[in-house]
Amino acid sequence: MSEVGAVSGDAATSVVIVDDDPLVRSALTLMLGGQPDLRVVGEAADGRAGLAVARELRPDVVLMDIRMPHLDGVTATQELHRDPDPPRVIVLTTFDADDHVVAALGAGAEGFLLKDTPPAEIVAAIRAVAAGDPMLSPSVTRTLIDRVRAGGVDDRAAVARERLDRLTDRERDVALCVGRGLSNAEIASELYLSVPTVKAHVSRLFEKLEVTNRVQIAICTHDAGLV
């Protein structure tokens, strides 16, 4: 476990990197170090140490590997989301068919990237997730939705429809936009709402749909057959 720096009061998005491969940690630190609005504040070589670093430094975003010693990334993500005001987690994975990535959805991860994702896309993903928008590698998106929907399709569809029936018409419109992968700004433009109003609707969707992030809202709309 190591600390790269302390979180300052500036506007930079603070990032903690949790990965058991020192070369991956070094490469990510070097890459993000060149971004004026992003700052790596700490790193860890396993999930248990990652929990400690994240809880101590309270970063905005955690880049979380899946397979690590002592505590895997799914469990670490789940533990972080039990804390008040947890950081946003982007899961890093080598294979887009990794079952653990699907489990990470339920644990609360808001981003999924393959480790061979181009650097510019990783930077864009961190910015998007920090702003509250989910970010999935294209090859991961279809795999995740297919795998989550593979078991008990009829039951999942019924549950999803029941949850969506709790929404007002406007909340339903926002949920469908989230299901299409639109950002808050894009939803605001399409539905002629202000961005703060969209954020308020999304917050209510978390409660009414019994989910913890936008990816799970999207899966709910897919399960219901609406997207």
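Keep in mind the model is a prediction, meaning the values are calculated, not measured. (Residues numbered from 1 in each chain as written. Predicted model: local features only at pLDDT ≥ 70, side-chain atom pairs only at ≥ 80, totals over all residues. Heavy atoms only, no water.)

Trainee: Any details on the overall build of the chain? Residues and values, ideally.
Mentor: Along the chain, the regular secondary structure elements total 11 helices and seven strands. By the burial criterion, 48% of the 227 residues in the chain qualify as buried. Sequence separation of 24 or more characterises 68% of the internal contacts of the chain that already satisfy a separation of 6 or more. Approximately 10600 Å² of the chain is accessible, and the part contributed by carbon and sulfur atoms is 53%. (Helix = DSSP H or I, 4+ residues; strand = E, 2+ residues; numbered from the N terminus. Buried < 20%, exposed > 50% of the residue type's maximum accessible area, 1.4 Å probe, protein only. Contact = heavy atoms within 4.5 Å. Areas by Shrake-Rupley, 256 points an atom, 1.4 Å probe, with all protein chains shown as cover.)

Trainee: Now, about the packing of helix α9 (residues 184-191) against helix α10 (residues 195-209): what can you tell me, with residues and values included?
Mentor: Between α9 and α10, the least distance of the axes is 9 Å, while the angle of their chain directions is 110°. Viewed along their axes, α9 and α10 adopt a mutual orientation that is roughly perpendicular. Between α9 and α10, the residues in contact are N184, A185, I187 and A188 and V195, V198, K199 and V202, respectively. Counted by class, the contact of α9 with α10 contains six nonpolar, one polar and one charged residues. (Axes fitted to C-alpha atoms, helices over the stretch in contact; angles between N-to-C directions. Parallel < 35°, antiparallel > 145°, perpendicular 65-115°, else oblique. Nonpolar A, V, L, I, M, F, W, Y, C, P; charged D, E, K, R; others polar.)

Trainee: Which residues make up the environment of V195, and what values do they have?
Mentor: Within the secondary structure layout, V195 lies in helix α10. Placed 11 residues apart in sequence, V195 and N184 show a C-alpha to C-alpha distance of 6.1 Å. Each residue touching V195, except ones within four places of it in the same chain, is listed here: N184, A185 and A188.

Trainee: Tell me what's going on with the pattern of salt bridges, and back it up with residues and numbers.
Mentor: Scanning all chains against the criterion turns up 15 salt bridges. Between D83 and R55 there is a salt bridge; the shortest N-O distance is 2.7 Å. Taken together, the residues D83 in the loop between α3 (73-80) and β5 (88-93) and R55 in helix α2 (residues 47-57) connect sequence positions 28 residues apart. A relative accessible area of 39% means that R55 is categorised as partly exposed. One salt bridge in this structure joins R88 and E110, with 3.1 Å as the shortest N-O distance. (Salt bridge = Lys/Arg side-chain N within 4 Å of Asp/Glu carboxyl O.)

Trainee: How would you summarise the environment of P87 if you had to cite specific residues and measurements?
Mentor: Positionally, P87 belongs in the loop between α3 and β5. Taking the C-alpha atoms as reference points, P87 and P59, separated by 28 residues in sequence, lie 6.1 Å from one another. Each residue touching P87, except ones within four places of it in the same chain, is listed here: P59, D60, V62, L80 and H81.

Trainee: Tell me about the nonpolar core, residues and numbers included.
Mentor: Ranked by internal contacts, the top residues of the largest apolar core, which has 26 residues, are V62 and M64. Sorting elements by how many residues they give to this core places α2 first, with five residues. Beyond its immediate sequence surroundings of up to four residues, M64 is in contact with V18, G73, A76, T77, L80, V89, I90, V91 and L92. Judged by nonpolar contacts, the second largest core, of 19 residues, contains I187, L191, V202 and A224. (Core = buried A, V, L, I, M, F, W, Y, C linked by side-chain atoms within 4.5 Å.)

Trainee: Go over unusual backbone geometry, please, and point to the residues and values.
Mentor: Even without a glycine there, the phi angle at D85 is positive, about 50°. Position of D85 among the secondary structure elements: in the loop between α3 and β5. Residue classification places D85 among the exposed residues on the basis of a relative accessible area of 65%.

Trainee: So, the pairing of β5: which residues are in play, and what are the values?
Mentor: Of all six residues in β5, five are buried, a share of seventy percent or more. One ladder, built from five bridges, connects strand β4 (residues 61-65) with β5; its direction is parallel. Bridge pairing in β5 links V62 to V89. In this fold, the crossover linking β4 to β5 by way of α3 has right-handed handedness. Both β5 and strand β6 (residues 111-114) contribute to a ladder of four bridges, which runs parallel. Counted as the bridge partner of V91 is F112 from β6. (Pairing = 2+ DSSP bridges. Right-handed = clockwise from strand over helix to strand, strands pointing away.)

Trainee: Which residues make up the side chain of N184, and what values do they have?
Mentor: Position of N184 among the secondary structure elements: in helix α9. Since its relative accessible area comes to 9%, N184 is described here as buried. A polar side-chain atom of N184 sits 2.5 Å from a polar atom in the side chain of R214. Those residues in contact with N184 that lie beyond four places of it in its chain are D133, V195, V198, K199, V202 and R214. (Polar contact = N/O pair within 3.5 Å; in protein donor to acceptor, adjacent residues only side chain to side chain.)

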